[in-house]
Structure formats: structure tokens, C-alpha cells
Amino acid sequence: MASPIDLRGGGAPTVTPPHPLDNAVWAALTGPHAHLAERVGRAARYPADVYAFAALADPHDPAAWADLRTLAGDGATVWIKPVAGVPDGWQVTGGGEGVQLVSTEEFRTEPAPEAVRLGPDDVPEILDLVARTRPGPFLRRTVTLGTYLGIREQGRLVALAGERLRLDGWTEISAVCTDPAYQGRGLATRLVRAVGHGVRARGDIPFLHAAAGNGTAIRLYESLGFRLRRRSAVVSVRTPGTSGAAGAL
């Protein structure tokens, strides 16, 4: 993607670099999460059991799309964002619109003494809660991306939030969900504040993603002190060619 050039004032043009949040998955896979990246040239993805997304260095660059085809294989299904269109031969198989929100000074963070740190042993419970509340994709090893906190009632996991994408200077709060039987008690708010507390403690700025149609979540985040930064397309695409064992990331 070409960077804007400011010619005002004469002399050498000033090139404004793109913001890392404009292509957050790529910034994470080439930054703090580089150790997790499966990469070919200008395309990268998370392992299939960690996070269901790939990324391009520049979604407008045909060479990046060619690298993604090499990485994923022929006839494979890939989730990717943000993109405005796909090259000839690629098929859009699904998708929607997402929103990105960033924290402001109004976002108050604090620890949640009742929250517990979740790890690999808690994954079956996490997957069960996610399946019932559908906060977004969560896979068998997503919990390894960062700190995940949960609240238990009588030993049962009833609320969850954690860290997913991590960029230089930024960390995404994700998987925010509460068991329907325990909603209305502010559990999600306490966990978002607690995860955000840890993010800020290491000097990062919290941000969030949500489906554009999830008004309930967006209103919650805005009430906590997040503001809408951008909207973008989220698409599932099939690479050109055919494969008898095409798989999703």
C-alpha cells in the first residue's frame, strides 16, 4: 500500500508510514509473534490451532497474494483482514465487516482479585464457554498468545477475557465472554479492566476488535473508554487451484 507523501513546505517529501493497527495481524506476525509465524515472503499466518488468520504485507501487492498461495497451498481456505478485494482466480467464500477500537485515557484499568490465570489445562472449559457465547474464534492453542483471565463460580468457568494479537506497543484484548446465566453482573467489565491493567503495566496500549453488527459489545467497550478507530472487511477466501485435502487455517 502506497504511503501518503506530504509535499507541503517544499524540499524533500515527507513519507507518512502506515499505522501498525492498519494491518494488525501482519504487524504481530512480523513483530512480537514472529516466533509463531509460518511465512513465505510477503505472506504469513498463525499455526492452524492458534489463530485462524493469515496476513499480507500489502493487500494491494499481487506478489503478496502469490506468496500466500504458496504458503496455504492450492484450493485452501484462508481468513484474512483487511482487504478491499481479491485477485482473479481467488474465491471469496465468506466474511463480514469488523470494527477496531482503541483505548483512551478514559479507560480505567485495575486488577480483578477474583480472576484466575488460565492456561493449557483450562482449554476444554474455555472452548466450552466460547462455543456457548461465540465471542470470536478461539482454538486449542490460542491461550498461548498472551495472558488469559477467567472468573469461576463454584469451580465453573463463567467469564473470560485475554490477550490475542500483540504488536510493538499494542496488545489486543479478546475472547471477552460471559456465561448467559451470569450476565448482568459486570464480570466482563472486570476482566477487560484486569487484562488491560496487565497490558498497560508493560507499556502497551490496549485495543479491541469486534464484529460490526455486535452492538452490545461495541457499546460496552465504548462505555469503558474505547473509541472506534476503523471499519474493515474480514473475508474467507479460497486460493486458486484444487486440492483434495483443502483445509481452513
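Everything numeric here is computed off the predicted structure, so don't read it as measured data.

Next up on the list: the confidence of the model for the chain. Close inspection of predicted coordinates is inappropriate for parts of the model with low pLDDT. Mean pLDDT over the chain stands at 92; residues scoring 70 or higher make up 91%. Counting interchain partners and residues more than four positions distant, the pLDDT-below-50 stretch residues 1–8 has 15 contacts. Every residue in residues 244–249 is under pLDDT 50, and counting partners more than four places away or in other chains gives 14 contacts.

The subject of this paragraph is the environment of Gly73. Mapped onto the secondary structure, Gly73 falls in the loop between α2 (62–72) and β6 (77–80). Residues Gly73 and Pro240 lie 167 residues apart in sequence; the distance between their C-alpha atoms is 8.7 Å. Every residue in contact with Gly73, bar those within four places of it in the chain, is listed here: Leu68 and Thr239.

Right, let's get into the packing of aromatic side chains. What the rule picks out here adds up to eight aromatic pairs. For the ring pair Tyr51 and Phe53, a centre distance of 5.1 Å and an interplane angle of 35° mean the geometry is tilted. We note that Tyr51, like Phe53, is buried. For the ring pair Tyr221 and Phe226, a centre distance of 6.3 Å and an interplane angle of 65° mean the geometry is edge-to-face. Since its relative accessible area comes to 6%, Tyr221 is described here as buried. For Phe226, a relative accessible area of 4% corresponds to the buried category.

This part takes up the pairing of strand β9 (residues 148–153). Pairing of strand β8 (residues 116–118) with β9, which is carried by three bridges, proceeds in the antiparallel orientation. Its bridge partner being in β9, Val116 is matched across the sheet by Gly150. In the sheet, β9 pairs with strand β10 (residues 156–167) via six bridges, with the strands oriented antiparallel. From the neighbouring strand, Arg152 faces β10, where its bridge partner is Leu157. What sits between the antiparallel neighbours β9 and β10 is a turn of two residues, in which Gln154 has the positive phi angle 55°.

This part takes up the pattern of salt bridges. Tallied over the full model, the rule gives 20 salt bridges. The partner of Arg45 in a salt bridge is Glu38, with the nearest N and O atoms 2.8 Å apart. Arg45 gets classed as buried once you look at its relative accessible area, which sits at 17%. Judged by its relative accessible area of 30%, Glu38 is partly exposed. Asp179 is the partner of Arg132 in a salt bridge, and the nearest nitrogen-oxygen pair spans 2.8 Å.

Position of His33 relative to the elements: it lies in the loop between α1 (24–29) and β3 (38–40). Overall, the relative accessible area of 3% leaves His33 in the buried class. Side-chain polar atoms of His33 contact the backbone oxygen of Leu145, separated by 3.4 Å.

Both β6 and strand β13 (residues 226–238) contribute to a ladder of four bridges, which runs antiparallel. Paired with Val78 across the two strands is Val237, which belongs to β13.

Along the chain, Lys81 connects to Pro82 via a cis peptide bond; the corresponding omega equals -10°. Following the sequence through the fold, Pro82 ends up in the loop between β6 and β7 (91–103). With phi around 55°, Gln154 is a residue other than glycine that occupies positive phi space. Of note, Gln154 is situated in the loop between β9 and β10. For Gln154, a relative accessible area of 85% translates into the label exposed.

Criteria and cut-off values
All chains use their own residue numbering, which begins from 1 and follows the written sequence. The predicted origin of the model limits local features to residues at a pLDDT of at least 70 and limits the giving and counting of side-chain atom pairs to 80 or more, whereas totals for whole chains, interfaces and linings rest on all residues. To obtain the side-chain values, all non-hydrogen atoms of the structure were used and water was disregarded. pLDDT measures the predictor's confidence residue by residue and takes values from 0 up to 100. We call two residues contacting when some pair of their heavy atoms lies within 4.5 Å. Under the scheme used here, helices are H or I runs from DSSP no shorter than 4 residues and strands are E runs no shorter than 2 residues, and both carry numbers assigned from the N terminus. Only Phe, Tyr and Trp rings are paired, with Trp represented by its six-membered ring, and only when their centres lie within 6.5 Å; those with planes under 30 degrees apart are stacked, over 60 edge-to-face, the remainder tilted. The buried label applies to any residue whose accessible area, calculated with a 1.4 Å probe on protein chains only, is under 20% of its type's maximum; exposed applies above 50%, and partly exposed to all values in between. Should DSSP find at least two bridges between two strands, the strands are taken to pair. A side-chain nitrogen of Lys or Arg and a carboxyl oxygen of Asp or Glu constitute a salt bridge if their distance falls within 4 Å. Pairs of N or O atoms are called polar contacts if they sit within 3.5 Å, as long as, within protein, a hydrogen donor faces a hydrogen acceptor (for residues adjacent in sequence, only side-chain-to-side-chain pairs).

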